[in-house]
Amino acid sequence: MPSFAKVASLLLLALSTPNAGAFAPPSSSTAAKNAVPSSTSVDMGPPLPDVILAETYGEGSRKYRRTVYTHNEWVKHRASDRFIRNLSSMVNSGVYKSLAKEVFATTAVAAFLCFWNALTGGYTDLDGVQHAAVISALPQLTLPLTPFTLLSPSLGLLLVFRTNSSYGRWDEARKFWGLNINHTRDLNRMATAWYGHDGQVIDPEKRAEDLRQISLFTWAFVRSMKRHLSPPAEDEDAFCQELRARLSPSQAQNIIDAAHRPNRALYDLSVAIDKLPMHFMRKNEINKNLSIFEDTLGGCERLLSSPVPLFYSRHTARFLSTWLLLLPFALYDPFKGSWNHIAEIPTVALTSVFLFGIEELATQLEEPFTILPMQGFCDKIGMWCDEIISWRGQGLDKEVEQYSMMN
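Our subject in this report is the structure included herewith. What you see is a predicted model, and the numbers here were worked out from it, not measured in a lab.

**A look at the nonpolar core**
Soluble, globular proteins show a tendency: their nonpolar side chains are buried together. If you look at the biggest cluster of nonpolar residues, it comprises 47 residues, and the most contacted ones within it are Trp177, Leu187, Ile214, Phe221, Leu243, Leu269 and Phe369. Mapped onto this core, the elements with two or more residues apiece are helix H6 (146-193), helix H7 (204-228), helix H8 (232-246), helix H9 (249-257), helix H10 (261-274), helix H11 (280-305) and helix H14 (374-389). Considering each element in turn, this core owes the most residues, nine residues, to H7. With residues near it in sequence (within four places) discarded, phenylalanine 369 still touches Ala173, Trp177, Leu229, Cys300, Leu303, Leu304 and Met374. In terms of nonpolar packing, the next biggest core, distinct from the first, is built from 26 residues, Ala110, Cys114, Phe148 and Leu324 among them.

**Examining the pattern of salt bridges**
Two side chains with opposite charge may pair up if their charged atoms get near one another. Enumeration according to the criterion identifies 16 salt bridges in this entry. With its nearest N and O atoms 4.0 Å apart, the salt bridge here joins glutamate 359 to arginine 162. Taken as a pair, glutamate 359 in helix H13 (residues 344-366) and arginine 162 in helix H6 lie far apart in primary sequence, 197 residues in all. The same class applies to glutamate 359 and to arginine 162, which are both buried. Ionic pairing is found between arginine 162 and glutamate 366, a salt bridge with its closest N-O pair at 3.1 Å. A residue pair is termed long-range when its members are at least 10 positions apart, and arginine 162 in helix H6 and glutamate 366 in helix H13 qualify at 204 residues. Within this structure, Arg223, Lys226, Asp235 and Glu242 form a network of salt bridges that share partners.

**Some thoughts on H11**
For H11, built from 26 residues, the straight-helix expectation of 38 Å at 1.5 Å per residue is met to within 8% by its first-to-last C-alpha distance of 37 Å. Among all positions in H11, only Lys283, Ile286, Asn289, Leu290, Phe293, Thr296, Leu297, Gly299, Cys300 and Leu303 are buried. In this structure, the buried side of H11 is in contact with H6, H7 and H10.

**Quick word on the packing of aromatic side chains**
Any two aromatic rings considered together are summarised by their centre-to-centre distance and by the angle between their planes. For the structure shown, the criterion picks out seven aromatic pairs. Taking the centre distance of 4.9 Å and the plane angle of 65° together, the rings of phenylalanine 161 and tyrosine 312 count as edge-to-face. Of the two residues, phenylalanine 161 sits in helix H6 while tyrosine 312 sits in helix H12 (residues 310-331), which places them 151 residues apart along the sequence. In this structure tyrosine 312 comes out as buried when scored by relative accessible area, which is 18%. A cation sits over an aromatic face here: arginine 185 above tryptophan 384, 4.9 Å from the ring centre. The cationic tip of arginine 246 hangs over the ring face of tryptophan 219; the distance from NZ or CZ to the ring centre is 4.5 Å.

Here is what the cut-offs are and how they apply
Residues numbered from 1 in each chain as written. Predicted model: local features only at pLDDT ≥ 70, side-chain atom pairs only at ≥ 80, totals over all residues. Heavy atoms only, no water. Core = buried A, V, L, I, M, F, W, Y, C linked by side-chain atoms within 4.5 Å. Buried < 20%, exposed > 50% of the residue type's maximum accessible area, 1.4 Å probe, protein only. Helix = DSSP H or I, 4+ residues; strand = E, 2+ residues; numbered from the N terminus. Contact = heavy atoms within 4.5 Å. Salt bridge = Lys/Arg side-chain N within 4 Å of Asp/Glu carboxyl O. Expected span 1.5 Å × (residues − 1). Phe/Tyr/Trp six-rings, centres within 6.5 Å; stacked < 30°, edge-to-face > 60°. Lys NZ or Arg CZ within 6 Å of the ring centre and 35° of its normal.

Geometric descriptors of this kind do not, in isolation, establish any biological role.
In structure tokens form, the structure reads like this:
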């Protein structure tokens, strides 16, 4: 029948791979553009246009999620056009691009179901004429909607817990780095202000060198911690280069060769503090910061090595996948008002995007360190510590005057 051929062609077209940019998986025939070299610096916002396709979604896009907000970003974040802006950028979303295979699978099921039921239960041609079933011996494929309605609250609870637990891990990691930032400044402030005993003659050059060592090893600890929590392929070369640029050759090599680099950097910092000419009670106060550094390091190692229990993540993924793959069978009858029930195809696609998207967000947040701007934290810590030690310490003017008179 010519009319049936038209219907079959349209349904087969719907079954084919969608070409929307948000869902299209990478193709070997796509012309790859020159890749931007990987950097450990803070990357904000979406990838630039000249970045290869593999860095616009999935693992390659994680470095572009290391956002640090200032006042300008907050103004844009709460702007009244944010809904239009977010909707218009859907096709460029890295999260949605990562879901191409999953969304295609559920959409293909919906398209096949419409095609199958048109063959076995009759169809309406483009002229609005109703035709009988082509293969009447086979049954139509449908399911009742009630089981999906009953299971929806359970699925919602699983997704909520999955998302909340993953966000909690990201929030905890960010708080650990916040403690690092606070206590590195605290440590260098106390070392600078308390340098020397009361009335002790201070050599300004020795004081500057001692405090410089404190600042350098403070930075070396957080930079070693960043490397410890980052993928080796991304950060190893940059880490070694930065250490050799700022530390002496022997100091840098000692840290690089250590089995646990943050521990070695923290040991060197502890030794540098012990060499400061000040009362032991003041040294004890400074050393309390090092114990906090050990706690933040251990907490980050715990987050890196212990994911959300795998059986929970797997059950949630299986539940969600099964629910969405079978959903087209339950939506077939409710969409009988559309031409050949075809409206269920985009409905299933959008439902899959949003529900798979929730699970994808949880998965992306679960390991927080490759989306935290740790390099930016390290750079700021190094800059702030260098500034703090440049300030005059307790009684410095008098001590410099006494040192000048002695020489």
